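# Summary of the model geometry
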Amino acid sequence: MHEDKEPFTMQKRRGLIVWVYSLRQLKNLRRFGFVHYVSRKMKYVVMYLNEEEYESKKAKIEQFHFVRQVEASYRPDVEMDFAEKIGTSAAYPVKDEGFDIEEKNTMIRLAENV
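Notes on the structure in this doc start here. (Residues numbered from 1 in each chain as written. Predicted model: local features only at pLDDT ≥ 70, side-chain atom pairs only at ≥ 80, totals over all residues. Heavy atoms only, no water.)

## Focus: the pattern of salt bridges
We count it as follows: Any carboxyl oxygen of Asp or Glu within 4 Å of a side-chain nitrogen of Lys or Arg constitutes a salt bridge here. Counting from the N terminus, the helices are DSSP H or I runs at least four residues long and the strands are E runs at least two residues long. Three exposure classes are used, based on accessible area relative to the maximum for each residue type with a 1.4 Å probe and protein chains only: buried under 20%, partly exposed in between, and exposed over 50%.
As enumerated under the stated definition, the model contains three salt bridges in all. Between glutamate 51 and arginine 14 there is a salt bridge, with its nearest N and O atoms 3.4 Å apart. Here the residue glutamate 51 occupies a position in the loop between strand E3 (44-50) and helix H2 (54-62), and arginine 14 occupies one in strand E1 (residues 13-20), the gap between them amounting to 37 residues. Ionic pairing is found between aspartate 77 and arginine 14, a salt bridge with its closest N-O pair at 3.1 Å. Here the residue aspartate 77 occupies a position in the segment after strand E4 (67-72), and arginine 14 occupies one in strand E1, the gap between them amounting to 63 residues. Its relative accessible area of 53% is what places aspartate 77 among the exposed residues. Among the charged side chains, a salt-bridge network with shared partners connects Arg14, Glu51 and Asp77.

## Quick look at the packing of aromatic side chains
Note the cut-off: Only centres within 6.5 Å qualify two rings of Phe, Tyr or Trp (six-membered ring in Trp) as a pair; their planes then separate them into stacked at under 30 degrees, edge-to-face at over 60, and tilted for everything else. Whether a charge sits over a ring depends on NZ of Lys or CZ of Arg being within 6 Å of the ring centre and within 35 degrees of the ring normal.
Taken as a whole, this structure holds four aromatic pairs when the rule is applied. Between phenylalanine 32 and phenylalanine 64, the aromatic rings sit 5.7 Å apart at their centres with planes inclined by 70°, giving edge-to-face as the arrangement. Here phenylalanine 32 is found in the loop between helix H1 (26-30) and strand E2 (34-39), whereas its partner phenylalanine 64 is found in the loop between H2 and E4, with 32 residues between them in sequence. Judged by its relative accessible area of 11%, phenylalanine 32 falls in the buried class. Counting every residue linked through ring pairs, the aromatic cluster contains Trp19, Tyr37 and Tyr44. The aromatic ring of tyrosine 54 is capped on one face by arginine 14, whose charged end is 5.4 Å from the ring centroid.

## Notes on the sheet that holds E1
The cut-off we apply is this: For two strands to be treated as a pair, DSSP must find no fewer than two bridges joining them. Axis definition: a line fitted to C-alpha atoms, over the contacting stretch in the case of helices. Angles run 0 to 180 degrees between N-to-C directions.
With antiparallel pairing, the four strands of this open sheet are ordered in space as E2-E3-E1-E4. The open sheet is flanked by E2 and E4, the only strands paired with a single partner. Direction aside, the axes of adjacent strands within the sheet are offset by 20° on average. Taken together, the five bridges between E2 and E3 define a ladder with antiparallel strand orientation. Across the sheet, the residue bridging to serine 39 is tyrosine 44, located in E3.

## Notes on a nonpolar patch on the surface
Filter applied, for reference: Here the term patch refers to residues with relative accessible area over 30% and no salt bridge, with like charges joined within 9 Å and nonpolar side chains (Val, Leu, Ile, Met, Phe, Trp, Tyr) within 5 Å. Under the convention used here, a 1.4 Å probe and the Shrake-Rupley method define accessible areas, while residue burial counts only the protein chains that appear.
A surface patch of nonpolar side chains, about 340 Å² in accessible area, is lined by Tyr74, Val78 and Met80. Along the chain, valine 78 falls in the segment after E4. Classification of valine 78 as partly exposed rests on a relative accessible area of 46%.

Here's what the structure looks like:
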């Protein structure tokens, strides 16, 4: 009864935002990947494509006449490992702009005769 199945592996995907003129051709976009969200008011579609076929499918989507603009997600390119940076000065990079910051002690006076 128990079958040996191959272990689950995560499929690498990349997000794509497709700005369209009309949402009538939404079925055409569903053929290329998983449609995550559709904004009917602003006329854009958020979808995910497999990483291996990403460039070829993106080029095909850009050629559709109902597509206004295509934007790629940069999240896979951003380093998400912050373990070494937490609690160090590398977590808070400060550019020296040449401004002098001076702390002053100010006293707060409460209104006495109200």
